[in-house]
Amino acid sequence: MIPKFISKSKILEILKIGQCYLNKILPQISLHCHNFILLSAPYNNIGRDDVSAFVDSHPELMYLDINGVVLENEYLVKILKGCKQLVHLDVRNCKGFDDDDDEILELARVASHIR
């Protein structure tokens, strides 16, 4: 139902959603919502294909709340490198990446505009 709604909502800019199947929703956002700037999807499952498709289609994303997800290093790096306009990134309580990783620390240092 939600993917069908998103496919008809061309002006969608913000989506705050609980646990769901992001792999069904993110492609619809990528295809139909060209002014999308905020995704809040805490405690969801995010896969490599989800991150790649979404980041490639929405590099203009400004706000991303993925608090509590399982997120491997490579996915976080892809987000940090691909979403250059991010001003807010919430990865609290996430598992799967090492917050002491040199590449992540360097990207976070360079991306000082992110809160």
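Structure shown above.
Residues numbered from 1 in each chain as written. Predicted model: local features only at pLDDT ≥ 70, side-chain atom pairs only at ≥ 80, totals over all residues. Heavy atoms only, no water.

Asker: What's the story with the packing of helix 4 (residues 73-82) against helix 5 (residues 102-110) in this structure? I'm lost.
Answerer: If you want to describe how two helices pack, look at the angle between their axes and the distance between the axes. Direction vectors running N to C along helix 4 and helix 5 enclose 20°, while the axes themselves pass 10 Å from each other. In terms of their interaxial angle, helix 4 and helix 5 are classed as roughly parallel. Note on packing geometry: the crossing formed by helix 4 with helix 5 is left-handed. Contact residues: helix 4 offers Asn-73, Leu-76, Val-77, Leu-80 and Lys-81, while helix 5 offers Glu-103, Ile-104 and Leu-107. (Axes fitted to C-alpha atoms, helices over the stretch in contact; angles between N-to-C directions. Helix = DSSP H or I, 4+ residues; strand = E, 2+ residues; numbered from the N terminus. Parallel < 35°, antiparallel > 145°, perpendicular 65-115°, else oblique. Left-handed = near helix turned anticlockwise from the far one by under 90°. Contact = heavy atoms within 4.5 Å.)

Asker: What's the story with a negative patch on the surface in this structure? I'm lost.
Answerer: Taken together, the side chains of Asp-98, Asp-99, Asp-100 and Asp-102 make up a negatively charged region of the molecular surface. The topology assignment puts Asp-102 in helix 5. (Patch = residues over 30% accessible without salt bridge, like charges linked within 9 Å, V, L, I, M, F, W, Y side chains within 5 Å. Areas by Shrake-Rupley, 256 points an atom, 1.4 Å probe, with all protein chains shown as cover. Salt bridge = Lys/Arg side-chain N within 4 Å of Asp/Glu carboxyl O. Lys, Arg positive; Asp, Glu negative; His and termini not counted. Charge placed at Lys NZ, Arg CZ, Asp CG, Glu CD.)

Asker: So what exactly am I meant to see when it comes to the nonpolar core here?
Answerer: Across soluble globular proteins, nonpolar side chains show a tendency to be buried alongside one another. Ile-29, Phe-36 and Ile-79 are the most contacted members of the largest nonpolar core, which has 34 residues in total. Put simply, the parts of the chain that give this core at least two residues each are helix 2 (22-32), helix 3 (48-57), helix 4 and helix 5. Ranked by residue count, the leading element in this core is helix 4, at five residues. Filtering out sequence-adjacent residues up to four positions away, Phe-36 remains in contact with Leu-12, Glu-13, Ile-14, Leu-15, Ile-29, Phe-54, His-58, Glu-60 and Leu-61. (Core = buried A, V, L, I, M, F, W, Y, C linked by side-chain atoms within 4.5 Å. Buried < 20%, exposed > 50% of the residue type's maximum accessible area, 1.4 Å probe, protein only.)

Asker: How should I be thinking about the sheet that holds strand 3 (residues 63-65) in this particular structure?
Answerer: In a beta sheet, neighbouring strands pair by backbone hydrogen bonds and run either parallel or antiparallel. Read from one edge to the other, the open sheet built from four strands follows the order 1-2-3-4, with strand pairing classed as parallel. The open sheet has two edge strands, strand 1 (14-16) and strand 4 (88-90), and neither has a second partner. The mean angle between the axes of side-by-side strands here comes to 5°, regardless of whether they run parallel or antiparallel. Of the pairings in the sheet, the one linking strand 2 (residues 38-40) to strand 3 comprises three bridges and is parallel in character. Looking at strand 3, one finds that Ser-40 is bridged to Asp-65. (Pairing = 2+ DSSP bridges.)

Asker: What's the story with the packing of helix 3 against helix 4 in this structure? I'm lost.
Answerer: Running from amino to carboxyl end, helix 3 crosses helix 4 at an angle of 0°, the nearest separation of the two axes being 10 Å. Taken as axis vectors, helix 3 and helix 4 run roughly parallel relative to one another. Contacts between helix 3 and helix 4 pair Arg-48, Val-51, Ser-52, Val-55 and Asp-56 from the former with Glu-74, Tyr-75, Lys-78, Ile-79 and Gly-82 from the latter.

Asker: Can you walk me through helix 3 in this structure?
Answerer: Note that an α-helix has 3.6 residues per turn; residues three or four places apart therefore point the same way. The complete set of buried residues in helix 3 reads Asp-50, Val-51, Phe-54 and Val-55. Along helix 3, the residues classed as buried sweep out an arc of 110° about the axis, all on the same side. In helix 3, the exposed positions angled more than 90 degrees off the buried face are occupied by Asp-49 and Asp-56. Turning to helix 3, the residues buried within the fold contact helix 2, strand 2 and helix 4. (Arc of directions from axis to C-beta.)

Asker: Quick question: what am I supposed to make of the side chain of His-58 here?
Answerer: With respect to the helices and strands, His-58 occurs in the loop between helix 3 and strand 3. Sequence-distant contacts of His-58, that is, excluding residues within four places in its chain, are made with Ile-29, Ser-30, Cys-33, His-34, Phe-36 and Cys-83.

In short, shape yes, function no, at least from these values alone.
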